[in-house]
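Here is how the chains run, residue by residue.
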Amino acid sequence: MKENKILKLIHVAWRERWSDSQFGINIKNVLPRGVSGDVYNLADCILQQALIGSTANPLVLNYLKHSLCAHLVSHAAVLRRIAKYEHFERLYCTTSLLDFLDSVIAGATCRAKTEEAILPGAVVSLINWLMQVFAMITAHYEIHRELNSEQSYMLGQCCLVIEKIIKNQFLMATIYVGCHEDPDYYGQIREKYAAIKTSLTNSNFSPTHPSIETYLHQLAYIDVHHLDMPLLDIQPKPEPVTYCVQPLLTVDVLLNPCNDTSYYVAKMQMVQRLKKFSNTRLFYEIVRAGFVSLSNVMETTHDTMWGAFTFFKVPQIIKQLQALNRAVGEQTPNDYIPEVVEAIELLLEDKLLLDFMDSKCSCNIIEYLLNDWTKQHLVNDMHVKHFAAQREGTSVLLQKRDASAQAPSIINFIIRAEVPLSGVLKTLSTDYNKVQEALLGVLCQVLVGNSFDLILSVATVEGRLKTFVSRLIQCNENSKQVPGEMGKASIIRSTLFDVSFLMLTFIVQTYGSDAVLSNNGDSFFEKWVRECMVERNKPKNPRNMIVMCDENMVDELLLNLSKPEPQLKNINITWQDICLNLPGVLYQVLIAWEKETLSSGDVKNILDNIKRRLFSFSVCATSFLCAYMCSVKENELLKPLNMIQQFLAPPSAEEMSSQENIKERLGLSFQIIRKMQHDVRPTVNPKSRSITLVQNLVSQTPLMDQFRDVWRTVNESGWLPIRAAQILESLLHAGGAAWLTTRLLEEILKCKYIHDMMKTMDIVFAILHLDIELSTEALLTQVVPAMIQNRQGEDIDEPHLHVLARLCVYCIISAVETRHYRNFSYQKKRSRSHDGDDMDLNNTVKMRKINTDSSDNSSSNDFLGDTNLFNTHTSTHLRNTPNQLKESLQNSIQYIFKIFQHFLQTDKLSLKVYFVYQFVSLLVECGQERVRLVLNLLPTNLINNLLKVMLTDQISVGLIARLYDLRTSCGRQAAVADLTLWRNLKLKEQSINL
């Protein structure tokens, strides 16, 4: 009914030649108050009357334009109606519509929610219509090889409209949203573009508009990169010096030395994305980080670990990074990687570092490194000669040094350790009953000097540590006491049990049980570790150990150990049962000693008898005593401490000569006992290298003093020494994530210059990876909100706020991705076997050199060859975005978003509001689609409120379009709502300026 009235009114208006204002006044009498003309298809009615004949009626088209200006109809309805026009043979009508679009398209917007729902689809329909017009003209030219004046004018107007759309960021963003609504319909636009391109190619037709082909391609293949989004950079990218790669690798090697190469690759890819590094720059930073860390370590264990990491792990990291970052179809030489060569060129400029490394390692470190890399096709022989020549002067100086002044190169030992490791693994995989004596000789030989450290380092970085551990566990299981066995066979079996037990305990102490043992292992050693072994930061309840003991066995052991010279071999208790029941024995001894039932001499005799048979017994006893010390008062520590010291007393010369291989086992047991004792009661200045230099929760120095000392070292160095990383890890456990994070952020706030802020932020970001998930949660829920609210304007200002926002975003991205590839690594572990007995271990070194799968590499994919590297599941998986957030992390992100909402309950621009803008913008800029799960947590009105306070010049449509998941209807609705608000505010600013 209303439509008929509208049509009659249009007829009257045309017949009486009403002006625009007259039409506007009278049409309002037809439309109900407050109701849009879209409800009654006003745009359809006007265009229907305007396009009746072969020529459009300009007066009626003016009525439509006035209706748009008076907000009687929406732009969405008008554009949608124009897109339905199909009478392209009516050139004048089509041209009039193009002229009309040329006059109104720049002001396209929405005024109501109902319009927002249809605008994206309407604009996409219009693009399809413009493509049809353009395709019609080019098809005509392809057939007739000429255009008349009307067709040429039509083509020109079509190009003008397309150009205005391209240059209108609001319309481009609307098209980007609209193409997600109906991908199939948008596919038709691409088909029409392909037809246009074919016609242009076949006819050699060149439109007068110079950029129209580029514009058409952008419309057909619109991407988020076509939408402007200014970057919040306060320093150039990539930065000339980076400070986060070396600390990040230091933390990872300290905490996760057993991780797959893919773990490190994922971390380095994250850094590459955050820092916008090229492959060349990234490879340079990785190699340099290895050298810097290796130049600093003084302790043999970490010296060998970093040497093995630099020489064995780094080449594999580089190869996987190069494969993952290589463009599809890109051709690279077979015998070298160009980016690696360029990275070495950069490294050669750091002469001071290379000179120091040459001196420390007693060799030309570059030549030594590259000689090994040639076998892995990272560089070729020509490059080695070229780079060696550049370092020739230094090499000559090294050769002139007095041979006696040169320390043996640790690098030589590391490289040579690969062959013994393969030999040990092969021996361990052989039939136990056939090689017991030979196996004992091999294992004892491993304990000579620092061979064990070297082998563990190589096994760790090559991904064979779990294989080594699993075979040692099997050896220990096979060596358990057999009732009735006597003589030499019994001695060999007991020594094998002892040495394998000690080696396994040392490995668990060094790497942690979580890293090297399975969760549900049923072997004796795994059971003992779970129930009885004291680990750093994993306290055990001594009561539970005592409850597990068998009272009869404890009584029998007490009776036997109390004798002057007990004969443990004559009792009916096996070695493994003695290990499990020693806590009950020692507890009874402690009680009796406290009640003075036993004298000090009696206790000493019992302890000497415990350690006389097997050194494993001393270790088991010490583990209980350390657990006991953690559960008693300060004044009750003296007796258990004295008992541990008795286990560290050197045996007599007679005892040393009574057993074979006693020296190696004794030394290893002392290392283990001292480490256990140090973890509970750290000495002030531990001198023994057997004690890993790690601060502990128990310390006489206040945490703040410890932090100041360690930070002074880090700040002066500009990188993170191993020792500093260990102390910071202990401070994290002692003070908690919130305390350490607060202290680190205080150091950022002390900086006065942008360079110093960014340098400190990079180091802090790496340090927080000691526990990135816990630190991120503390950062978002406790540290940053408190700082922003309580200290704004005092010492927190720009650019401090920007640096804090960037740190928060970096941590969120890393926490999300860390959980992603940790879950992936766990899935891989569950699907793998830890043993690879079918392959010959003698071929391990050769296989590594020709880049094929290493035998016994069943717990890692570190040695993938070129052929299967591109097909590995890892490379595919790492490209995917995470699909689930950890609940605590999600709650933390939601919490800070609620804080942001509180900040935006104002119409005044403040530092708090600007911090919200920087946080959101950096989250999109740095995380892109990889933080989609985080962006999905944004409150619905957060950006809307931010737009009302911020200037539209700072918030761009590119930012808004990237914030929402446009694959969902909710995401598209939210995006269009924010885009419309941005557009209307922009139009308001422009009208004010006019």
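These numbers were taken from a predicted model, which means no experiment stands behind them.

### Observations concerning the overall build of the protein chain
- Each helix and strand counted, the protein chain has 51 helices and zero strands in total.
- Out of the 994 residues belonging to the protein chain, those deemed buried represent 58%.
- Put simply, 78% of the contacts in the protein chain that link residues at least 6 apart link residues at least 24 apart.

### Concerning the pattern of salt bridges
- Tallying each qualifying case throughout the model produces 23 salt bridges.
- As a salt-bridge pair, Lys164 and Asp102 come within 2.8 Å of each other at their nearest N and O atoms. A residue pair is termed long-range when its members are at least 10 positions apart, and Lys164 in helix H8 (residues 149-167) and Asp102 in helix H6 (residues 91-104) qualify at 62 residues.
- A relative accessible area of 19% places Asp102 in the buried class.
- A salt bridge links Asp709 to Arg712; the nearest nitrogen and oxygen atoms lie 3.2 Å apart. Taken together, the residues Asp709 and Arg712, both in helix H37 (residues 703-717) and three residues apart, mark about one turn of the helix.
- One connected set of salt bridges, linked through shared partners, spans Arg273, Glu817 and Arg930.

### Here we look at the nonpolar core
- Grouped together as the largest cluster of nonpolar side chains are 337 residues, with contacts concentrated most on Trp129, Trp373, Phe468 and Trp528.
- For this core, the leading source of residues is helix H7 (residues 113-144), giving 14 residues.
- If sequence neighbours within four positions are ignored, Trp373 has contacts with Val287, Val314, Pro315, Ile318, Val340, Ile344, Leu378 and Val379.

### Quick word on unusual backbone geometry
- A cis amide bond links Glu798 with the next residue in sequence, Pro799, at an omega value of 0°.
- At Asn204, a residue that is not glycine, the phi angle is positive and equals roughly 55°.

### Comments concerning helix H36 (residues 662-680)
- With 19 residues, H36 ought to run about 27 Å at 1.5 Å a step, and its terminal C-alpha atoms sit 27 Å apart, in line with that.
- Burial runs high along H36: 15 of the 19 residues are buried.

### Observations regarding the packing of H37 against helix H38 (residues 722-735)
- At a closest axis distance of 10 Å, the pairing of H37 and H38 adopts a crossing angle of 150°. In terms of orientation, H37 and H38 fall into the roughly antiparallel class. When you trace H37 past H38, the crossing you get is left-handed. Contacts between H37 and H38 pair Leu703, Gln706, Phe707, Val710 and Val714 from the former with Ala724, Ile727, Leu728, Leu731, Ala734 and Gly735 from the latter.
- Each residue belonging to the contact of H37 with H38 can be placed in one class, and the counts come to nine nonpolar, two polar and no charged.

### Things to note about helix H24 (residues 451-461)
- Of all eleven residues in H24, ten are buried; the element is thus mostly enclosed.
- Those residues of H24 that fall on the buried side of the exposure criterion are Phe452, Asp453, Leu454, Ile455, Leu456, Ser457, Val458, Ala459, Thr460 and Val461.
- Two residues or fewer past H24, Gly463 is found with a positive phi of approximately 80°.

### Points about the side chain of Ser199
- Structurally, the position occupied by Ser199 is in helix H10 (residues 183-203).
- By relative accessible area, Ser199 is classed as buried at 8%.
- Excluding anything up to four places from it in sequence, Ser199 contacts Thr138, Ala139 and Glu142.

### Re the environment of Asn433
- Among the structural elements, Asn433 can be located in the loop between helix H22 (418-429) and helix H23 (436-446).
- With a relative accessible area of 60%, Asn433 lands in the exposed category.
- On a C-alpha basis, the gap between Asn433 and Asn478 in space is 8.8 Å, while along the polypeptide they are 45 residues apart.

### Some details on the side chain of Thr94
- Topologically, Thr94 is positioned in helix H6.
- Its relative accessible area of 0% is what places Thr94 among the buried residues.
- Those residues in contact with Thr94, other than ones at most four positions away along the chain, are Tyr85, His87, Phe88, Trp129, Val133 and Met154.

### A few points about the packing of helix H12 (residues 245-255) against helix H40 (residues 754-767)
- Two elements in contact, H12 and H40, have axes whose closest approach is 8 Å; the angle formed by their N-to-C orientations is 15°. The angle between the axes of H12 and H40 places the two elements in the roughly parallel class. Between H12 and H40 lies a crossing of right-handed hand. Between H12, through Pro247, Leu248 and Val251, and H40, the contact on the second element is made entirely by Ile763, Ala766 and Ile767.
- Along the lines of polarity and charge, the residues of the contact of H12 with H40 split into six nonpolar, no polar and no charged.

### Looking at the packing of aromatic side chains
- The final tally for this structure, using the stated rule, is 27 aromatic pairs.
- Members of the aromatic cluster, connected to one another through ring pairs, are Phe497, Phe501, Phe524, Phe525, Trp528 and Trp575.
- Positioned above the aromatic ring of Trp14 is the side chain of Arg17, whose terminal nitrogen or guanidinium carbon lies 4.9 Å from the ring centre.
- Above the plane of the ring of Trp593 lies Lys639, whose end atom (NZ or CZ) is 5.3 Å from the centre.

### Structural notes on the environment of Thr208
- With respect to the helices, strands and loops of the structure, Thr208 is situated in the loop between H10 and helix H11 (212-220).
- For Thr208 and Ser152, which are 56 residues apart along the polypeptide, the C-alpha to C-alpha distance reads 9.3 Å.

### Some words on the environment of Leu248
- Positionally, Leu248 belongs in helix H12.
- Looking at Leu248, the relative accessible area reads 0%, which means it is buried.
- C-alpha separation for the pair Leu248 and Leu720, spaced 472 residues apart in sequence, amounts to 8.6 Å.
- With sequence-adjacent residues up to four places away left out, Leu248 is seen in contact with Met268, Met270, Val271, Ala766 and His769.

### Structural notes on the confidence of the model for the protein chain
- The pLDDT averaged across the protein chain works out to 83; a share of 86% of its residues lies at or above 70.
- Confidence drops under a pLDDT of 50 for residues 402-406, and excluding neighbours within four residues, the segment shows three contacts in the predicted structure.
- Of the regions scoring below 50 in pLDDT, residues 824-880 engages in 129 contacts with residues more than four places distant in sequence or in other chains.

Thresholds applied
Residues numbered from 1 in each chain as written. Predicted model: local features only at pLDDT ≥ 70, side-chain atom pairs only at ≥ 80, totals over all residues. Heavy atoms only, no water. Helix = DSSP H or I, 4+ residues; strand = E, 2+ residues; numbered from the N terminus. Buried < 20%, exposed > 50% of the residue type's maximum accessible area, 1.4 Å probe, protein only. Contact = heavy atoms within 4.5 Å. Salt bridge = Lys/Arg side-chain N within 4 Å of Asp/Glu carboxyl O. Core = buried A, V, L, I, M, F, W, Y, C linked by side-chain atoms within 4.5 Å. Expected span 1.5 Å × (residues − 1). Axes fitted to C-alpha atoms, helices over the stretch in contact; angles between N-to-C directions. Parallel < 35°, antiparallel > 145°, perpendicular 65-115°, else oblique. Left-handed = near helix turned anticlockwise from the far one by under 90°. Nonpolar A, V, L, I, M, F, W, Y, C, P; charged D, E, K, R; others polar. Phe/Tyr/Trp six-rings, centres within 6.5 Å; stacked < 30°, edge-to-face > 60°. Lys NZ or Arg CZ within 6 Å of the ring centre and 35° of its normal. pLDDT = per-residue confidence, 0-100.

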